[in-house]
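Residue-level listing of the chains:
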Amino acid sequence: MRQNLSSYHWVLIQLKMLCHPQSQIKRTTRLLSSNVIRLVSTTTYGSQHVASQRKKDVKPNTSTVEELKEKLRVQFSRAKLGHFTQTPPHQENLFSNNAFLTSYLTRILPGDVKNAIWGDLTRFGQRAVTDIYPLGKECEVTQPYVRSFDAWGNRIDELVTCGAWKQLKAVSAEEGLIATAYEGKYGEYDRLYQMVKLGIFAPVSGLYSCPLAMTDGAAKSAQMIKSPHLKKAYLHLTSRDPKVFWTSGQWMTEKKGGSDVSGSTETVALEQEDGSHLLFGYKWFSSATDSDMTLTLANIISETQPEPKPRGLTMFYLETRKENGKLNGIEIVKLKNKLGTRQLPTAELLLDGAIAHQVSEEGRGIASIANMLTITRLHNSISACSAMRRILQLARDYGQRRSAFGQIVDSHILHQLTTSRMEIIVRGCEALTLHCARLLGREEAGTATVQERLVLRALTPIAKMFTAKMAMSVVSEGLECFGGQGYIEDTGLPVMLRDAQVLPIWEGTSNIMSLDFLRAVMKTNGEAVTSLYEDIKVRLEDSKAKAPGNEFDNSAMLVMQAMNELISFLQKHPELIQSAARDIATTIAHIYIGSLLLEHAAWEKTSISMEVGKRWCEQQLLQLTPSQYVADNHSLVMDGYNPEEVYGPMF
């Protein structure tokens with residue numbers, strides 16, 4: 001009867017009987033068909049043999065077991081995966097392992113301030129990669145969605161976010177990521193301390209850094225604008241208690257335009273007898289949709305004057321939910337399907353009678369958001385720097401763990417050159433951003449000079465533009481350091497590039513930032529440029545006095561020479577300034593960063609900082625291309641375009 005069974009069944013029966021005690025054999029045989037039972041009873045493991053073994057356990061013949069297992073593998077085998085697996089990059093402390101950041105703070109901070117905050121920064125740098133990183137990763141995996149209706153057809157507009165997103169809000173409050181800048185504990189260093197913590201938090205936060213940017217901007221507005229409604233909000237926005245802490249939205253963008261806020265806003269505010277307003281409009285791009293409050297713009301109308309007044313836009317404050325927990329006249333039309341920042345709920349919102357309160361003078365809404373823009377653009381810059389630093393830290397560790405062509409990747413000289421160039425860019429961007437944070441801290445503490453205020457106004461849009469563009473380049477280069485793994489979503493690396501793409505767009509594109517710098521120059525009658533020039537000149541002279549030497553002097557000369565050529569261009573070609581705006585802003589970024597890196601090198605006096613300063617200044621600092629400013633650029637782009645052969649919209 002053995003021939004009646006497949007070879008697989010026969011081997012399986014043999015294997016079960018060899019590997020189990022006698023009681024297990026009995027239970028196994030009960031499950032077999034009667035035909036199989038008769039077969040088993042005729043074998044050498046028949047009833048008499050079984051009876052003789054009842055009083056002791058069966059000890060399997062090991063060699064026979066292995067032979068039988070091998071027979072099973074032949075029929076039911078799987079692909080051999082090999083013995084090699086790649087060790088992933090290990091995460092470093094995001095504070096203590098950043099050599100430039102720790103050195104910069106050592107130079108800038110007074111001893112008592114450094115001693116007070118150093119332990120907190122070190123602890124937080126470790127917490128970022130052990131506790132916060134898993135939360136941020138979960139936000140990428142479990143993305144937000146909207147449940148528009150309940151099972152009974154009722155409109156509920158429930159925005160569903162994961163538990164990790166909610167935990168990140170609590171972490172933000174506990175760590176004082178907003179409160180630190182407003183507590184006044186360290187005077188002019190409060191803002192710098194806050195920005196360093198935000199830089200540690202941002203790259204692992206699952207984009208919770210975005211609502212924090214808008215929350216910080218709202219807190220600054222609430223601090224500057226004397227409004228009873230904002231006074232209440234300020235206490236929530238700057239709280240360290242997770243149960244009290246609020247986040248804020250920033251609902252400015254509408255369908256007709258992004259940066260052109262004044263020309264595109266259609267939302268209207270209907271005056272009410274109690275002094276409040278009802279908002280009616282459509283907000284096209286509303287990030288941090290789950291926020292507790294928001295600041296927004298609208299045109300005031302009334303029953304007697306249904307058309308918007310010619311005075312312009314006014315700023316309003318509204319809480320997103322009523323006291324009963326329901327949305328405040330807000331309908332979530334849809335969540336945006338974005339390239340990156342998918343962890344963050346960004347929505348199109350319909351305002352249908354949302355109760356709001358006027359917090360700016362009528363028609364002064366645009367002017368009122370100026371303070372907010374300074375804060376959010378600085379957040380953008382620190383996020384760009386932290387993204388670059390994060391990918392570089394991971395890449396340098398991975399280079400120690402990955403082998404190629406018979407040696408570890410880190411030992412290849414071309415890889416060393418590539419990553420060193422990345423490091424220099426990151427240090428330059430960090431120097432510029434931290435300097436802006438320092439200037440803002442001095443301005444907020446009332447210790448900034450007139451020149452420092454002008455420099456801050458000029459540098460803020462430049463820093464935002466330059467760091468964002470560099471982030472795209474460095475993060476992309478960083479992915480290449482991982483080879484094919486840099487393109488695999490499971491590694492958590494590609495999301496860094498997708499998320500970085502928002503940096504040159506949010507809070508104003510590169511062109512908008514360049515034009516904003518020119519606006520600052522015009523509003524100050526050129527004093528902003530004069531202040532930049534004097535600032536750079538004095539810094540270089542002081543640095544040369546501290547670090548004399550031909551090599552250092554040559555680097556300083558290159559920076560000053562580029563600045564002089566820029567001033568000459570501005571004076572000789574005022575008609576080209578607008579078309580050259582982007583190149584002017586980029587040139588100033590290169591020049592100013594050069595002066596900052598040389599200043600740091602003169603203080604630190606190490607071969608590494610000297611090399612960083614020298615190599616930064618050796619690059620092309622002057623980015624002007626005058627011949628292109630007078631070329632027929634429009635014809636070049638439109639060559640081959642025929643409106644008569646356009647067949648309708650793409651989407």
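Residues numbered from 1 in each chain as written. Predicted model: local features only at pLDDT ≥ 70, side-chain atom pairs only at ≥ 80, totals over all residues. Heavy atoms only, no water.

Engineer: Just give me the short version of the nonpolar core, but keep the residues and values in it.
Structural biologist: Counting residues in each nonpolar core, the largest one holds 154 residues, and the members touching the most others are L105, L192, V196, F201, F517, L532 and I584. Tallying contributions element by element places helix α16 (residues 450-480) first for this core, with 14 residues. Discounting residues that sit within four places of it in the chain, I584 has contacts with F517, L566, F569, L570, I577 and L624. Core analysis: the second largest hydrophobic core is formed by 17 residues, W251, A298, I332 and A356 among them. (Core = buried A, V, L, I, M, F, W, Y, C linked by side-chain atoms within 4.5 Å. Buried < 20%, exposed > 50% of the residue type's maximum accessible area, 1.4 Å probe, protein only. Helix = DSSP H or I, 4+ residues; strand = E, 2+ residues; numbered from the N terminus. Contact = heavy atoms within 4.5 Å.)

Engineer: Could you give an account of the packing of aromatic side chains, with specific residues and numbers?
Structural biologist: Counted according to the given criterion, the structure contains nine aromatic pairs. Arranged with centres 5.9 Å apart and planes meeting at 90°, the rings of Y182 and Y234 form a pair that is edge-to-face. Pair noted here: Y182 is in the loop between α8 (163-174) and α9 (190-201) and Y234 is in helix α11 (residues 228-237), with a separation of 52 residues, a long-range link. Neither Y182 nor Y234 differs from the other in exposure class; each is buried. When the centroid spacing of 5.7 Å and the interplanar angle of 75° are considered together, the rings of Y186 and Y193 count as edge-to-face. With respect to class, Y186 is no different from Y193; both count as buried. Here the basic side chain of K114 rests over the ring of W118, its NZ or CZ set 4.7 Å away from the ring centre. (Phe/Tyr/Trp six-rings, centres within 6.5 Å; stacked < 30°, edge-to-face > 60°. Lys NZ or Arg CZ within 6 Å of the ring centre and 35° of its normal.)

Engineer: Lay out the pattern of salt bridges in plain terms, naming residues and giving numbers.
Structural biologist: Using the criterion set out here, one finds 36 salt bridges in the structure. E452 is paired through a salt bridge with R442; the nearest N and O atoms lie 3.1 Å apart. Of the two residues, E452 sits in helix α16 while R442 sits in helix α15 (residues 413-445), which places them ten residues apart along the sequence. Within this structure, D120, R123, R127, D131, E174, E175 and K197 form a network of salt bridges that share partners. (Salt bridge = Lys/Arg side-chain N within 4 Å of Asp/Glu carboxyl O.)

Engineer: Quick rundown of the confidence of the model for the chain? Include the residues and the values.
Structural biologist: When pLDDT is averaged along the chain, the result is 90; 88% of the residues meet or exceed 70. Low pLDDT, under 50, characterises residues 23-29; the stretch is placed with four contacts to residues that sit more than four places away or in other chains. Under a pLDDT of 50 for its full length, residues 31-56 has, in the predicted model, 25 contacts with residues more than four places off or in other chains. (pLDDT = per-residue confidence, 0-100.)

Engineer: So what's going on with the pairing of strand β5 (residues 277-286)? Residues and values would help.
Structural biologist: Strand direction decides the pairing type here: strand β4 (residues 268-271) and β5, joined by four bridges, are antiparallel. The residue of β5 that forms the bridge with A269 is L279. Counting the residues in the hairpin turn of β4 and β5 gives five residues, including G275, whose phi is positive at 95°. Pairing of β5 with strand β9 (residues 347-358), which is carried by eight bridges, proceeds in the antiparallel orientation. (Pairing = 2+ DSSP bridges.)

Engineer: Which residues make up a nonpolar patch on the surface, and what values do they have?
Structural biologist: A cluster of nonpolar side chains, L636, V637, M638, Y641 and V646, forms an exposed patch at the surface whose accessible area comes to about 520 Å². Position of Y641 relative to the elements: it lies in the segment after α24 (633-638). (Patch = residues over 30% accessible without salt bridge, like charges linked within 9 Å, V, L, I, M, F, W, Y side chains within 5 Å. Areas by Shrake-Rupley, 256 points an atom, 1.4 Å probe, with all protein chains shown as cover.)

Engineer: An account of the environment of L454 is requested, with residue identities and associated values reported.
Structural biologist: Its location among the elements puts L454 in helix α16. Among the residues examined, L454 registers a relative accessible area of 15% and is labelled buried. Through-space distance from the C-alpha of L454 to that of V529 is 8.5 Å; in sequence the pair is 75 residues apart. For L454, the residues in contact, after removing those within four places along its chain, are T524, E527, A528 and S531.

Engineer: Help me get a handle on the side chain of N98, residues and values and all.
Structural biologist: Residue position: N98 is located in the loop between α5 (62-75) and α6 (99-108). Among the polar contacts listed, one links the side chain of N98 to the backbone nitrogen of L101, at a separation of 3.1 Å. Those residues in contact with N98, other than ones at most four positions away along the chain, are R389, Q393 and E430. (Polar contact = N/O pair within 3.5 Å; in protein donor to acceptor, adjacent residues only side chain to side chain.)

Engineer: Provide a residue-level description of unusual backbone geometry, including the pertinent values.
Structural biologist: Phi is mostly negative for residues that are not glycine, and the peptide bonds are mostly trans. Here L207, not a glycine, exhibits a phi torsion of approximately 70°, which is positive. Within the secondary structure layout, L207 lies in the loop between α9 and α10 (209-224). Although it is not a glycine, T341 adopts a positive phi angle of roughly 45°. Counting through the fold element by element, T341 comes out in the loop between β8 (330-335) and β9. Owing to a relative accessible area of 7%, T341 belongs among the buried residues under this scheme.

Engineer: Provide a residue-level description of the side chain of S286, including the pertinent values.
Structural biologist: Within the element layout of this structure, S286 appears in strand β5. Look at S286 and you get buried, because its relative accessible area is 0%. If we ignore the near neighbours within four places in the chain, the residues touching S286 are W251, P345, T346, A347 and L349.

Engineer: Requested: an account of the pairing of strand β1 (residues 145-149), with residues and values cited.
Structural biologist: One ladder, built from four bridges, connects β1 with strand β2 (residues 155-160); its direction is antiparallel. Paired with V146 across the strands is L159, a residue of β2. In sequence, β1 turns back onto β2 through a hairpin of five residues, with G153 there showing a positive phi of about 90°.

Engineer: Before we move on, can you summarise helix α19 (residues 527-546) with the specific residues and values?
Structural biologist: With 20 residues, α19 should cover 28 Å at 1.5 Å per step; its first-to-last C-alpha distance of 29 Å lies within 8% of that length. Those residues of α19 not exposed but buried are A528, V529, S531, L532, D535, I536, R539, L540 and S543. Around the axis of α19, the buried residues are gathered within 155° of arc, so they sit on the same side. Summarising the contacts, the buried residues of α19 are in contact with α15, α16, α18 (510-523), α20 (550-572) and α21 (581-604). (Expected span 1.5 Å × (residues − 1). Arc of directions from axis to C-beta.)

Engineer: Quick rundown of the state of the cysteines? Include the residues and the values.
Structural biologist: Under the criterion given, the structure shown has zero disulfides. Of all cysteine sulfurs, the one in C139 lies closest to C162, which takes part in no disulfide; the gap is 3.9 Å. Take C162: its relative accessible area is 10%, and that puts it in the buried class. (Disulfide = S-S within 2.5 Å.)

Engineer: Please give an account of the packing of α10 against α11 that cites residues and values.
Structural biologist: Running from amino to carboxyl end, α10 crosses α11 at an angle of 140°, the nearest separation of the two axes being 9 Å. With respect to their mutual orientation, α10 and α11 come out oblique. The hand of the α10/α11 crossing is left-handed. Here α10 contributes T215, A218, A219, S221, A222 and Q223 to the contact with α11, which in turn contributes L230, Y234 and L237. Considered class by class, the residues forming the contact of α10 with α11 number six nonpolar, three polar and no charged. (Axes fitted to C-alpha atoms, helices over the stretch in contact; angles between N-to-C directions. Parallel < 35°, antiparallel > 145°, perpendicular 65-115°, else oblique. Left-handed = near helix turned anticlockwise from the far one by under 90°. Nonpolar A, V, L, I, M, F, W, Y, C, P; charged D, E, K, R; others polar.)

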